[in-house]
Every structure is written in C-alpha cells, then in structure tokens.
Amino acid sequence: MSGSRSANRNGSRPPENGAASRGRYLRLLGLSLGSAAVFAVLFYLWGSELFPRGAGRWGGTFPFVGAVALTLAVALFLSEWFGFAGREVRKVRLAARDFLFLCSLALLLFFAAKAVIDLIAESPALGRGVPTRVYAYLIPLPAFAMVVRVLLNSETSILFTVAASVLSAAAASGSWPALLFLLLSGTAGAARARRVPDRYRMLMAGVQAAPVCAVAAAALEFSFHGDGGVLWAGVFGAVNGLLSGPIALAVMPVAESAFGYASDIRLMELSGAGHPLLVRLMMEAPGTFHHSVVVGTLAEAGALAIGANPVLCRVAALYHDIGKIGKAQYFSENQAGSENVHDAMSPGLSRAVILSHVKEGVRMAGEFRLGDRITEIIAQHHGTSLLYYFLDKAKPMIEDRKASEEMFRYPGPKPKTREAAIIMLADSAEAAVRSLDRPAPREVDETVTAIVNRIYLDGQLNECDLTLRDLHAVGRAISQVLAAVAHTRVDYPASAV
Ligand SMILES: [Fe+2]
Ligand SMILES: [Fe+2]
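Our subject in this report is the structure included herewith.

Scoring rules and cut-offs
Residues numbered from 1 in each chain as written. Chains lettered and ligands numbered in written order. Predicted model: local features only at pLDDT ≥ 70, side-chain atom pairs only at ≥ 80, totals over all residues. Heavy atoms only, no water. Helix = DSSP H or I, 4+ residues; strand = E, 2+ residues; numbered from the N terminus. Contact = heavy atoms within 4.5 Å. Areas by Shrake-Rupley, 256 points an atom, 1.4 Å probe, with all protein chains shown as cover. Donors = N, O, S within 2.8 Å, 3.2 Å for Na, K, Ca; no water. Tetrahedral: all angles 85-135°; square planar, octahedral: opposite > 155°, others 65-115°. Buried < 20%, exposed > 50% of the residue type's maximum accessible area, 1.4 Å probe, protein only. Expected span 1.5 Å × (residues − 1). Arc of directions from axis to C-beta. Core = buried A, V, L, I, M, F, W, Y, C linked by side-chain atoms within 4.5 Å. Salt bridge = Lys/Arg side-chain N within 4 Å of Asp/Glu carboxyl O. Polar contact = N/O pair within 3.5 Å; in protein donor to acceptor, adjacent residues only side chain to side chain.

Notes on the overall build of the protein
Thought 1: Each helix and strand in the protein was counted, giving 20 helices and zero strands.
Thought 2: A separation of at least 24 residues holds for 76% of the contacts in the protein among residues at least 6 apart in sequence.
Thought 3: When the accessible surface of the protein is summed, it comes to about 23,600 Å², and 62% of that surface belongs to carbon and sulfur atoms.

Some details on the coordination of the iron ion (ligand 2)
Thought 1: Looking at the iron ion (ligand 2), the protein donor atoms are His291 (NE2), His320 (NE2), Asp321 (OD) and Asp427 (OD), and they sit 2.1 to 2.2 Å from it.
Thought 2: Taken together, the four donor atoms coordinating the iron ion (ligand 2) and their angles of 78 to 174 degrees define a geometry best described as irregular.
Thought 3: Sequence positions of the residues that donate to the iron ion (ligand 2) give the spacing H-x28-H-D-x105-D.

Let's talk about the coordination of the iron ion (ligand 1)
Thought 1: Coordination of the iron ion (ligand 1) by the protein comes from Asp321 (OD), His357 (NE2), His381 (NE2) and His382 (NE2), over a distance range of 2.1 to 2.2 Å.
Thought 2: One way to put it: the four donor atoms around the iron ion (ligand 1) meet at angles of 84 to 174 degrees, and that makes the site irregular.
Thought 3: Between the iron ion (ligand 1) and the iron ion (ligand 2) the interatomic distance amounts to 3.7 Å, and Asp321 serves as a bridging ligand to the pair. Of the two residues, Asp321 is situated in the loop between helix H13 (310-319) and helix H14 (347-367) and His381 in the loop between helix H15 (372-380) and helix H16 (388-393); the sequence distance between them amounts to 60 residues.

Details of unusual backbone geometry
Thought 1: Note that the residue after Gly412, namely Pro413, is joined by a cis bond; omega there is 5 degrees.
Thought 2: Within the element layout of this structure, Pro413 appears in the loop between helix H17 (395-399) and helix H18 (418-434).
Thought 3: Phi is positive for Arg369, which is not a glycine, with a value near 50 degrees.
Thought 4: Structurally, Arg369 can be placed in the loop between H14 and H15.
Thought 5: Among the residues examined, Arg369 registers a relative accessible area of 53% and is labelled exposed.
Thought 6: Within the chain, Arg438 stands out as a residue other than glycine whose phi angle is a positive 45 degrees.
Thought 7: Under the relative-accessibility criterion, Arg438 is labelled exposed at 52%.

Here's the deal with helix H19 (residues 441-457)
Thought 1: In this model, H19 (17 residues) spans 24 Å end to end at C-alpha, consistent with the 24 Å of a helix rising 1.5 Å per residue.
Thought 2: All buried positions along H19 are accounted for by Val444, Thr447, Val448, Ile451, Val452 and Ile455. Down the axis, H19 shows its buried residues gathered within 135 degrees of arc, on one side only. With respect to the buried face of H19, the exposed residues turned more than 90 degrees away are Arg442 and Leu457.

Re H15
Thought 1: Most of H15 sits inside the fold, with eight of its nine residues counted as buried.
Thought 2: Along H15, the positions that sit buried rather than exposed are Asp372, Arg373, Ile374, Thr375, Ile377, Ile378, Ala379 and Gln380.
Thought 3: Lining the buried residues of H15 we find helix H4 (96-120), helix H10 (264-270), H13, H14 and H18.

Some words on the nonpolar core
Thought 1: Among the nonpolar cores identified, the biggest contains 66 residues, and Phe82, Phe101, Leu105, Tyr137, Val147, Phe160 and Met202 are the most heavily contacted of them.
Thought 2: Counting residues per element, the ones that place at least two in this core are helix H1 (18-46), helix H3 (65-88), H4, helix H5 (141-151), helix H6 (154-172), helix H7 (176-191), helix H8 (199-225) and helix H9 (230-259).
Thought 3: Looking at this core, the element that brings in the most residues is H4, giving 11 residues.
Thought 4: Not counting the four nearest positions on each side in its chain, Phe101 is found in contact with Val147, Val148, Leu151, Leu152, Ala255, Phe259 and Tyr261.
Thought 5: Core analysis: the second largest hydrophobic core is formed by 56 residues, Ala317, Tyr319, Ile377 and Cys464 among them.

Here we look at the pattern of salt bridges
Thought 1: For the coordinates displayed, the defined rule picks out 17 salt bridges.
Thought 2: Among the ionic pairs, Arg199 bridges to Glu269, the shortest N-O distance being 3.1 Å. Taken together, the residues Arg199 in helix H8 and Glu269 in helix H10 connect sequence positions 70 residues apart.
Thought 3: Take Arg199: its relative accessible area is 48%, and that puts it in the partly exposed class.
Thought 4: Salt bridges sharing common partners tie together Arg97, Asp98 and Asp372.

Details of the environment of His357
Thought 1: Relative to the helices and strands, His357 resides in helix H14.
Thought 2: For the pair His357 and Ile322, spaced 35 residues apart in sequence, the C-alpha separation works out to 7.6 Å.
Thought 3: Setting aside its immediate chain neighbours within four residues, His357 contacts Asp321, Gly323, Lys324, Phe331, His381, His382 and Tyr410.
Thought 4: Side-chain polar atoms of His357 contact the side chain of His381, separated by 3.4 Å.

Digging into the environment of Ala170
Thought 1: The topology assignment puts Ala170 in helix H6.
Thought 2: When its relative accessible area of 22% is taken as the criterion, Ala170 is described as partly exposed.
Thought 3: Linking Ala170 and Ala113, residues 57 residues apart in sequence, is a C-alpha distance of 9.8 Å.

Quick look at the environment of Leu466
Thought 1: By the element assignment, Leu466 lies in the loop between H19 and helix H20 (468-487).
Thought 2: In contact with Leu466, not counting residues within four places along its chain, are Ile306, Arg418, Ala421, Leu425, Leu461 and Leu471.

Here's what the structure looks like:
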C-alpha cells in the first residue's frame with residue numbers, strides 16, 4: 001500500500017483518488033482471476049460430486065464452461081473480499097506478494113483437504129467404521145491461519161480464514177458442518193498465535209486450540225448428523241488442533257524463504273551473535289556494533305512500554321546500521337581517538353557517504369535475506385530527517401544557492417510502523433546522549449525530550465500509528481535506560497590495572 005496509513009476514527013484509511021483506486025481494483029481483479037482459474041481447474045478435476053449439473057446443457061458440448069463460470073465467481077469473491085479489506089481494514093496490505101502467498105496457502109490447504117477426504121477416508125485400513133464426512137474435521141486450517149497471523153497480522157488471518165474456509169469446504173465436502181468447523185477452528189488457531197517468539201509457543205498455541213476444535217467438531221456433527229460420528233468428530237477436531245503447531249512450524253520456514261517474510265522465531269535466530277553480518281559489524285565497525293546493541297536495548301524498553309513488538313525492535317536495531325560496514329571510519333561512533341575524516345571532505349561528499357548507509361543497508365538485508373520487517377526498518381530508520389551536522393557546514397553553500405536544505409535530508413520513507421518509529425527515536429537519542437560527557441540523569445532526560453520533540457515537530461512520525469501517549473511513554477522508557485547506562489560508566493582505578 002502506498003500513501004498515508006494514518007487512520008480515521010473508524011481505523012480505515014483516507015480515501016484514494018479515483019484513478020489510483022480503479023488501478024488498484026483492476027490489478028486485484030487480475031490477480032484474483034489468475035488464482036481463481038487455478039481453483040477452477042482443481043474444482044473441475046475433482047468437483048463433479050459438488051457440481052453434478054454444472055454448466056447445464058452447455059456442459060456436454062463445452063466441458064470447460066463450468067470451470068470458466070466458477071473462475072469468474074471465485075475471482076469476484078476474492079477481489080471483493082480482499083479489495084474491501086485492503087481499503088478499509090488497517091494492516092491489510094494488497095501487495096502482490098501477500099496475495100500470492102495467501103493464494104498459495106489456500107491452494108496447499110485445498111490439496112490437504114483433498115488428501116484428507118480421499119486418501120485417508122477411502123483407505124481400507126484407516127477409514128473402517130468412520131463416516132467419510134467426519135474426516136473433514138481433520139482439514140488443517142488452524143495451522144494455516146496461525147502461519148498467516150505470525151507472518152502477516154491478525155486482520156489478514158481472519159480474512160484468510162473466511163476465504164480459505166469457503167474454498168476448502170467446497171473442495172472437500174461442501175457441507176455446512178465442514179464449513180462452520182473450518183471457520184471456527186481457523187479463528188481458534190489464529191487467536192492463540194499472538195506472540196510466538198519460539199517453537200514451544202507455537203506448539204502451545206495448537207495445544208490450546210485443540211479443546212475448542214474438539215468441542216466445535218463434536219457439537220456440529222451432533223447437530224447436523226446425530227450421534228453416529230460424534231466421538232470421532234471430537235477426536236479428529238482435537239488431533240487437528242494438536243497437529244496445527246507442528247504443521248505451522250513446518251510450513252513457516254518455507255514461506256519465509258519463498259516470500260521474504262520474517263517471523264519472530266526467525267528474528268530470534270537472527271539475533272544470535274554468530275550471524276555473518278553481525279560478526280562483520282563487530283569486527284569492521286565496533287563503534288557501530290556497540291551503538292546498535294545499545295539502541296536495541298533502548299528500543300526493546302520502548303516497545304515494552306507501549307505494547308509494541310520488543311523482539312522486532314531489538315533485532316531490527318542490531319541490523320539497522322549494517323550499511324555502515326565498509327565505510328566505518330566515516331561515522332562518528334567509530335572515530336574515537338582518530339581524526340574526523342569529514343574535516344578534509346566537502347559537505348556534499350560527506351552527505352553522499354552518510355546518506356548511502358541506508359540504501360546499502362537495504363541492499364545487504366536483501367542479500368542476506370533478513371526478511372521484510374528488518375529491511376523496512378533499515379529503510380525507514382532515518383525517515384526524511386536532516387543531517388544537522390553537515391547542514392551546518394554547508395550553510396555558506398546554501399546561502400550562495402549552490403545547495404539546498406532539502407539535499408541534506410535522508411530520502412525516506414518515514415517510519416510506517418510503531419516499531420520503526422521507536423528505533424528512530426532510540427537511535428537519535430543514543431547518538432545525542434553519547435556526545436554528552438558524563439551526563440546526570442536529568443541531563444539525559446532533557447536531551448531525550450529535546451530529541452523526541454524535534455523528531456515529532458519535523459513530521460517524521462506522521463505516517464505511523466504512534467499516539468502522543470505512546471510517544472511520551474517511549475521517550476520516558478528510553479531516557480530511564482539511557483540514564484542507567486550513562487550512570488554506570490565509572491572510571492576504572494588506575495591502580496587496579
Ligand atoms: Fe543509521
Ligand atoms: Fe544508528
């Protein structure tokens with residue numbers, strides 16, 4: 001989604017202009033048609049029991065007519081459903097990558113549903129004595145809904161659950177109890193995958209969803225078909241819930257590497273000091289490495305203060321300045337005791353070197369597959385803020401109209417998420433306090449407040465969801481941690497060396 005993501009009272013986005021909206025809708029319709037055609041082929045191959053009279057008398061002469069009609073219906077469903085959500089529901093993006101990811105998952109679910117119903121139910125060894133319809137309670141939608149929630153967000157997971165329920169229920173059995181069970185079990189799975197920083201939490205989310213799935217399956221089976229298969233329905237519902245954690249854990253790494261997402265589990269892996277980028281940062285730019293670790297601690301404290309994602313803040317902060325690798329000596333944190341190389345450079349050249357660390361960071365994040373969330377934060381961590389130090393040096397050039405103030409701004413974009421905004425605040429606060437000599441806690445607090453105010457007044461937080469209350473809480477958390485860090489810097493007695 002481009003444009004401002006600031007929300008109105010209902011949490012929806014401001015209206016787009018007509019051409020942009022039409023273009024977006026046409027693109028979405030195109031994507032929907034493509035994915036619907038795939039579903040239609042599948043329905044056409046396996047759906048004869050669902051659509052026995054599909055295409056009526058035309059079906060005999062043109063067997064594909066039914067599939068074409070179904071393509072149109074499914075495409076309309078997808079484009080209306082996701083088009084409406086993309087316009088009106090915050091956090092639902094309509095990037096082609098996300099749409100492709102969701103459709104791939106739905107397709108995988110379709111195959112899983114087909115396998116469950118056909119292979120297991122019709123296997124003489126497994127299917128004995130169990131009504132075929134009951135196997136629909138094994139369709140692993142809870143696992144897939146959990147994956148969508150962990151890799152994207154809760155709003156998208158609800159949308160996916162509804163769309164995938166309709167598609168997979170139609171493919172598997174087309175019955176009401178199956179559809180209702182899929183809707184309920186998918187929601188139950190997604191609801192329990194809130195923060196998943198490790199594999200254990202993912203497994204526990206499935207374990208917690210299992211009783212809900214079991215009760216839902218048993219109740220639906222009883223209300224629609226009597227007590228013949230209630231016990232099996234309950235058992236299958238529970239098994240579905242219990243297996244959702246392991247299935248989600250198996251699907252997630254594949255989705256992360258294919259679509260460039262980064263779950264919290266992946267972020268935790270990236271936080272290990274053994275990652276080649278962190279090793280290079282530590283060896284080639286030790287000052288930047290130390291700065292990044294401190295910014296990570298500050299950002300984590302800021303995130304905890306307002307209920308943002310602390311894992312994302314800490315890990316993205318570790319990588320936010322990787323673009324400085326290779327040019328370490330141009331950045332003040334690596335210049336301790338040596339001359340400032342910028343003294344011998346023109347402000348224009350200094351500007352180019354400093355600004356390039358954002359672009360270079362984004363490039364390296366792509367090369368090392370750090371995932372979309374870290375990459376976006378690297379791109380946004382300076383927003384469109386000014387290079388104040390070099391702007392001051394370039395004043396004579398600006399007065400002579402040989403340069404403009406705008407040239408000394410980072411290219412952006414501005415922070416789009418609360419986590420990116422927190423890292424921007426922590427980054428600037430750390431740099432400002434580092435320049436103070438043995439600051440007292442009050443001095444730290446005043447400096448952090450001045451930095452927070454400057455960033456706010458410069459409009460850098462205009463495109464993220466940070467409220468003024470959040471801003472205050474983040475500033476306070478950062479200044480408390482920074483004061484503690486500055487306070488513990490004591491001289492080591494010379495006699496002890
Ligand atoms: Fe930076
Ligand atoms: Fe930084």
